[in-house]
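Per-entry structural report
So the chains spell out like this:
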Amino acid sequence: MFRLEGVGRRYGRGRWALVDIDLTVPPGATVAVVGDNGAGKSTLLRIAAGVLGPSRGRVLCRPAPVGYVPERFPVTTRMSALAYLRHLGRVRGLGTATATRRAEELLERLALTGDPTGPLNALSKGNAQKVALAQALLISPELLVLDEPWSGLDAVTHPVVVDMLAEVRAAGCAVLLTDHAAGVTRVAASAVHRLHRGRLVLNETPLNPAEPVFRVELAGGGDLDWLSTLDIRAMDQLDGHLTVQIEAGHRHALLQAALEHGWLVESLTRVGGAGQ
Ligand SMILES: Nc1ncnc2c1ncn2[C@@H]1O[C@H](COP(=O)(O)OP(=O)(O)OP(=O)(O)O)[C@@H](O)[C@H]1O
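Residues numbered from 1 in each chain as written. Predicted model: local features only at pLDDT ≥ 70, side-chain atom pairs only at ≥ 80, totals over all residues.

Brief notes about the pairing of strand 6 (residues 143-147)
Of all 5 residues making up strand 6, 5 are buried, and the element is well covered by its neighbours. By the alternation rule, side chains of strand 6 split into Leu143, Val145 and Asp147 and Leu144 and Leu146, which are all buried. Two elements, strand 5 (residues 66-69) and strand 6, share 4 bridges in a ladder whose sense is parallel. Looking across to strand 6, one finds that Val69 is bridged to Leu146. Taken together, the 5 bridges between strand 6 and strand 7 (residues 174-178) define a ladder with parallel strand orientation. Paired with Asp147 across the two strands is Thr178, which belongs to strand 7. (Buried ≥ 20, exposed ≤ 12 C-beta atoms within 10 Å, placed from the backbone. Helix = DSSP H or I, 4+ residues; strand = E, 2+ residues; numbered from the N terminus. Pairing = 2+ DSSP bridges.)

Laid out in structure tokens, this is it:
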């Protein structure tokens, strides 16, 4: 399963942009990362997508193909949106006719309002973002990495992107995305992590305000792939202690799994949702 283990990243001799990141993105799951400006989100996503290497740690079992929507889509080319997508489609192994059809379908679905045959660098920010999304979805990705996918998009396109993400997920694609909390609440993320100054910490913002969220503190058990086994919202692991957030409906399954794997439940606290 795709995961980052002990990943750290430093640019030159500056401070560490990422410190000791452990993150798993199971197939068919959406994992979201939120955080303040400069927290390290884009760095984490670049490493996940494979466009940047880690300074420390390992990236394991990255599925292919990877679809990647970077934070800033390079729109320097004078090639048209259609020609650009057709070109990328061919690079990724599609025939010309299929690449053209796929590009047209995606641009239509994403409601590109600019001229698809005009120069890419003349498109508005939102339309350029639509081309960025289209290039990531030209061929069905096994891993989709999206850096603020809703950035600059008009409101009518938001639900289209949500639907597209649900479709790739249903096909077994692992989705890793970053956005501001409001964006993340649009997708049914199986886990939301907060990055703070390069470190992953727990995010206590309930995704579904109707459902209570519990924080469970556990200690000292055996190996268990918590994120893929259970419907966990967020988790944080430190020195044999594990803190997990889970919606009320899933807490009994979590306690059962904890028991079976020798984990001691230290506390169970309601932290959010339903009237809080
Ligand atoms: N190419 C680079 N060279 C040097 N430092 C960089 C580079 N890219 C990012 N950094 C630094 O790494 C840290 C994390 O940046 P990053 O862009 O990953 O954060 P972010 O959470 O995506 O921020 P934002 O929400 O503003 O996009 C910041 O201190 C940033 O200045």
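That covers the picture; the talk isn't over yet.
Quick look at the sheet that holds strand 1 (residues 2-10)
Strands sit in the order 2-1-4 across an open sheet of 3 strands; the sheet is antiparallel. Since the sheet does not close on itself, it has two edges, and those belong to strand 2 (16-25) and strand 4 (56-60), each with one partner. Each strand axis lies, on average, 15° off the axis of its neighbour in the sheet, ignoring direction. Examined bridge by bridge, strand 1 and strand 2 share 6 bridges and lie antiparallel to one another. Each residue of the ladder has a partner; that of Arg9, found in strand 2, is Leu18. (Axes fitted to C-alpha atoms, helices over the stretch in contact; angles between N-to-C directions.)

Points about the site of the ligand
Around the ligand sit Tyr11, Gly14, Ala17, Gly35, Asn37, Gly38, Ala39, Gly40, Lys41, Ser42, Thr43 and Glu71, and those are all the residues in its vicinity. In terms of residue count, the dominant contributor to the shell around the ligand is helix 1 (residues 41-49) (3 residues). Taken together, the residues that form the shell around the ligand break down as 3 nonpolar, 7 polar and 2 charged. (Near = placed C-beta within 6 Å. Nonpolar A, V, L, I, M, F, W, Y, C, P; charged D, E, K, R; others polar.)

Remarks on the nonpolar core
Membership of the largest hydrophobic core comes to 75 residues, with the highest contact counts inside it found for Ala81, Val131, Ala134, Val145 and Leu176. Here the element with the most residues in this core is helix 4 (residues 125-137); it accounts for 7 residues. Excluding residues within four positions of it along the chain, Val145 makes contact with Leu45, Ala48, Ala49, Val66, Tyr68 and Leu176. (Core = buried A, V, L, I, M, F, W, Y, C linked by C-beta atoms within 7 Å. Contact = placed C-beta atoms within 7 Å.)

Quick word on the domain arrangement of the protein
Quite often, the size of an interface is put as the accessible area lost when its parts meet. Each assigned domain of the protein is listed here: domain 1 (2-65 + 140-201), domain 2 (76-134) and domain 3 (204-272). For domain 1 and domain 2, the distance between their C-alpha centroids amounts to 24 Å. Across the boundary between the two partners, domain 1 contributes 10 residues, which contact 9 residues of domain 2. (Domains from an automatic or database assignment.)

Brief notes about the packing of helix 3 (residues 96-109) against helix 4
Following both chains from N to C, one finds helix 3 and helix 4 inclined at 135°, their axes separated by 10 Å at the closest point. Taken together, helix 3 and helix 4 sit at an angle that is classed as oblique. Crossing angle aside, the handedness with which helix 3 passes helix 4 is right-handed. Mapping the contact onto sequence places Ala103, Leu106 and Leu107 in helix 3 and Lys130, Ala134 and Leu137 in helix 4. (Parallel < 35°, antiparallel > 145°, perpendicular 65-115°, else oblique. Left-handed = near helix turned anticlockwise from the far one by under 90°.)

A word on helix 5 (residues 158-170)
The terminal C-alpha atoms of helix 5 lie 19 Å apart, and with 13 residues this matches the ideal 18 Å at 1.5 Å per residue to within 8%. Among the residues of helix 5, Val161, Leu165 and Val168 are the ones counted as buried. Buried residues of helix 5 fall within an arc of 65° about the axis and therefore sit on the same side. Counted as exposed and oriented over 90 degrees from the buried face of helix 5: Pro159, Asp163, Glu167 and Ala170. Where helix 5 is buried, its residues meet strand 3 (30-35), helix 4, strand 6 and strand 7. (Expected span 1.5 Å × (residues − 1). Arc of directions from axis to C-beta.)

Describing unusual backbone geometry
Of note, the bond from Ala64 into Pro65 is cis; its omega dihedral lies within 30 degrees of zero at 0°. Within the secondary structure, Pro65 sits in the loop between strand 4 and strand 5. Although it is not a glycine, Ala111 adopts a positive phi angle of roughly 55°. With respect to the helices and strands, Ala111 occurs in the loop between helix 3 and helix 4.

Things to note about the pairing of strand 8 (residues 191-196)
Across the 6 residues of strand 8, 5 count as buried, placing the element largely inside the fold. Two elements, strand 3 and strand 8, share 5 bridges in a ladder whose sense is parallel. Across the sheet, Ala32 pairs through a bridge with Val192, a residue of strand 8.

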